[in-house]
Amino acid sequence: MATVELTTANFDEVTGKDGIVLVDFWAEWCGPCKRFAPLYERSSEKHPNIVFGKVDTETQQELGAKFDIRSIPTVMAIRDGVIVFSQPGALPESALENLIEQVEALDMDDVRKKLSEHQH
């Protein structure tokens, strides 16, 4: 599956569903973003069960601000509507694959329980 362009119009709908969504915050002028893009695309082809989204921080400044994106590229992982990972910097392909394995292995009941404990 190719990557999906995420905008303020579709972000909540795409990321709020059950399953895994990876988000790449990037910009056209960003060298590291351009180097990261091909491996992100390759990974999207290896994992058809995962949605690979891209947010252009130039045209979607509101999303960049909402998630306090200060450095690009930033990779965010969302599972079942919950942000479980967010880190600036282009990941090497092996680290991206490792991140996917870790997100797939999460016990989301446990994650939600820990989140609710922090909110009280």
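Going by the structure above, here's the rest.
Q: Mind laying out the sheet that holds strand E4 (residues 74-79), listing which residues take part and the relevant values?
A: Taking strand neighbours across the sheet as the criterion, the five strands line up as E1-E3-E2-E4-E5 in an open arrangement whose pairing is mixed. With partners counted over all chains shown, the strands left at the sheet margins are strand E1 (4-5) and strand E5 (82-88), one partner each. Where E1 and strand E3 (residues 51-56) come together, two bridges link them in parallel fashion. Bridged to Glu5 within E3 is Lys54. Each of strand E2 (20-26), E3 and E4 touches helix H2 (residues 31-46); the most contacted strand, E3, lies at about 160° to it.

Q: Before we move on, can you summarise the packing of H2 against helix H4 (residues 93-105) with the specific residues and values?
A: Between H2 and H4, whose axes approach to 10 Å, the crossing angle comes to 40°. Taken as axis vectors, H2 and H4 run oblique relative to one another. As for how H2 packs across H4, the hand of that crossing is right-handed. Residue-level inspection shows Phe36, Leu39, Tyr40, Arg42, Ser43 and Lys46 of H2 in contact with H4, the latter providing Glu93, Leu96, Glu97 and Ile100. Across the contact of H2 with H4, the residue classes tally to five nonpolar, one polar and four charged.

Q: Mind laying out the environment of Trp29, listing which residues take part and the relevant values?
A: Residue placement: Trp29 occurs in the loop between E2 and H2. Assessed through its relative accessible area of 61%, Trp29 is described here as exposed. Between the alpha carbons of Trp29 and Glu58 there is a distance of 9.3 Å; along the sequence they are 29 residues apart. Ignoring anything within four residues of it in the chain, the contact list for Trp29 reads Glu58 and Ile72. In terms of polar contacts, Trp29 uses its side chain to reach the side chain of Glu58, at 2.9 Å.

Q: Give me the lowdown on the pattern of salt bridges, citing residues and values where you can.
A: Side chains bearing opposite charge may pair, as long as their charged atoms lie close to each other. Enumeration over the complete set of coordinates arrives at ten salt bridges. One salt bridge in this structure joins Lys46 and Glu97, with 3.7 Å as the shortest N-O distance. Of the two residues, Lys46 sits in helix H2 while Glu97 sits in helix H4, which places them 51 residues apart along the sequence. Accessibility expressed as a relative area gives 47% for Lys46, which makes it partly exposed. Judged by its relative accessible area of 17%, Glu97 is buried. A salt bridge links Lys113 to Glu117, with the nearest nitrogen and oxygen atoms 3.8 Å apart. Placement of both Lys113 and Glu117 in helix H5 (residues 108-118) is noted, with a separation of four residues, approximately one turn of the helix. Overlapping salt bridges bring together Arg42, Lys46, Glu93 and Glu97 as one network.

Criteria and cut-off values
- Residues numbered from 1 in each chain as written.
- Predicted model: local features only at pLDDT ≥ 70, side-chain atom pairs only at ≥ 80, totals over all residues.
- Heavy atoms only, no water.
- Pairing = 2+ DSSP bridges.
- Helix = DSSP H or I, 4+ residues; strand = E, 2+ residues; numbered from the N terminus.
- Contact = heavy atoms within 4.5 Å.
- Axes fitted to C-alpha atoms, helices over the stretch in contact; angles between N-to-C directions.
- Parallel < 35°, antiparallel > 145°, perpendicular 65-115°, else oblique.
- Left-handed = near helix turned anticlockwise from the far one by under 90°.
- Nonpolar A, V, L, I, M, F, W, Y, C, P; charged D, E, K, R; others polar.
- Buried < 20%, exposed > 50% of the residue type's maximum accessible area, 1.4 Å probe, protein only.
- Polar contact = N/O pair within 3.5 Å; in protein donor to acceptor, adjacent residues only side chain to side chain.
- Salt bridge = Lys/Arg side-chain N within 4 Å of Asp/Glu carboxyl O.

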